[in-house]
Amino acid sequence: MNKIVVVGSINVDLVFTSDIRPKAGETVLGNDFRIVAGGKGANQAVAASKLGADVIVIGCVGDDANGEYSLNNFREFNVNTSCITKINDIPTGVANITVAENDNSIIVISGANYKMDRVLIDRYKKEILKADIVVLQLEIPIDTVEYTLDLCYKNNIKTILNPAPAVRLDKNLIEKASYLTPNEHECRIIFNEDKDTDIKSILRKYPNKLMITMGEKGVMYFDGNDVVIVPAYSVEAVDTTGAGDTFNGAFARAIVNNYDLKNAIDFANKAASKSVTKLGAQAGMPRLEDL
Ligand code: RIB
């Protein structure tokens, strides 16, 4: 089976739902609270695995209850945990998520995720070199992302870099990623372009590589001739947390199964649309038969 390696973050999400998003200094009464598995890396791994891919995560958790919870969650979804390191005296990453007014806002405390360093990449290099695609995000140190991309680039291994949360990216790093999947806001940050720059002019510089996710408006990319929009599937959204992660996991699954780019995006759009129908990043992620 084709192999996907996710090098990335693992969090436990504390999800609050409320009708109103509190303003600074304000207290509001909410509706619901849940503790669920999350982290962009973990979500992308689970999304791909639920769609039938063979997935390994290279990441870190703390030696604590949240770490155990995350590992058990991976096992439940058949994700290989043999390259996850338990870090002593540092807690597992957590995210405080508010779901209100049809959107989410998230604060992440990185914890053990920030212990993901070059030493761990070297330790699990063998797995990376066996991968058909490596998926990365930006919730681990950027140096580790750069180091991994460089390793993959030198060994002709495809990569997806989901640049979230966004920071301005080095040109070298952008060149080395096979696919980049920011949303529009993240796109402007990673390329250091202001809001007046025509997004299509950025797209035209990266044919068949840069895919801008636009939520319910679909995904836009440049195919070398035209700027193409692959439309989203319309659904009643309950919680959009993890929709981007589902897109990335499903996109990886489609690419390793040799879908052409447009069909891979369509497949990933379909998976992402299903994922928003339930509360929590992973609960709504579809299995292959659901698509
Ligand atoms: O993309 C959603 C994820 O972002 C959440 O699961 C949260 O943990 C943060 O990493």
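Definitions and cut-offs
Residues numbered from 1 in each chain as written. Predicted model: local features only at pLDDT ≥ 70, side-chain atom pairs only at ≥ 80, totals over all residues. Heavy atoms only, no water. Near = heavy atom within 4 Å. Polar contact = N/O pair within 3.5 Å; in protein donor to acceptor, adjacent residues only side chain to side chain. Areas by Shrake-Rupley, 256 points an atom, 1.4 Å probe, with all protein chains shown as cover. Helix = DSSP H or I, 4+ residues; strand = E, 2+ residues; numbered from the N terminus. Nonpolar A, V, L, I, M, F, W, Y, C, P; charged D, E, K, R; others polar. Phe/Tyr/Trp six-rings, centres within 6.5 Å; stacked < 30°, edge-to-face > 60°. Buried < 20%, exposed > 50% of the residue type's maximum accessible area, 1.4 Å probe, protein only. Pairing = 2+ DSSP bridges. Contact = heavy atoms within 4.5 Å. Core = buried A, V, L, I, M, F, W, Y, C linked by side-chain atoms within 4.5 Å.

Before going further, it helps to examine the site of the ligand. Around the ligand sit 15 residues, and of these D13, G39, K40, E139 and D245 come closest. Contact distances for the ligand include 3.0 Å between an oxygen atom and a side-chain N or O atom of N11. Coverage of the ligand by the protein amounts to 96% of the 280 Å² it exposes when considered alone. Contributing elements (two or more residues each) for the shell around the ligand: strand 2 (11-18), helix 1 (40-50), strand 6 (93-100) and strand 7 (103-109). Taken together, the residues that form the shell around the ligand break down as five nonpolar, six polar and four charged.

Moving on, we come to the packing of aromatic side chains. Across all of its chains, the model carries five aromatic pairs by this definition. Relative to F251, the ring of F247 lies with its centre 5.9 Å away and its plane at 5 degrees, an arrangement referred to as stacked. Placement of the pair is F247 and F251 together in helix 9 (residues 243-256), with a separation of four residues, close to one helical turn. Residue F247 shares its accessibility class with F251, and that shared class is buried. Grouped by ring-pair contacts, the aromatic residues Y179, F247 and F251 constitute a single cluster.

Strand order in the open sheet formed by three strands is 11-12-13, with antiparallel pairing between adjacent strands. Of all strands in the sheet, those bounded by a partner on one side alone are strand 11 (212-213) and strand 13 (227-230). Sheet topology places strand 11 next to strand 12 (residues 219-222); two bridges connect them, and they run antiparallel. Considered in strand 12, the bridge of I212 is made with M220.

What follows concerns the side chain of Q137. Assignment of secondary structure puts Q137 in the loop between strand 8 (133-136) and helix 5 (142-154). Residue Q137 is classed as buried on the basis of its relative accessible area of 0%. A polar contact of 3.1 Å, which involves the side chain of Q137, links it to the side chain of Q44. Leaving out residues up to four positions away in the same chain, Q137 has contacts with V6, V7, G8, S9, K40, G41, Q44, V145, L161, N162 and A164.

The next thing to look at is the environment of A283. Here A283 lies in the segment after helix 10 (261-275). Spatially, the C-alpha atom of A283 lies 19 Å from that of E68, the residues being 215 residues apart in sequence. Setting aside residues no more than four positions away along its own chain, A283 makes contact with K50 and K278.

Judged by nonpolar contacts, the single largest core of 42 residues is most densely connected at I4, F74, F251 and I265. Look past the residues within four positions of F251 in its chain and what remains in contact with it is I160, Y179, M211, L261, A264, I265 and A268. If you look at the next biggest cluster of nonpolar residues, it comprises 41 residues, including V7, Y124, C152 and C187.

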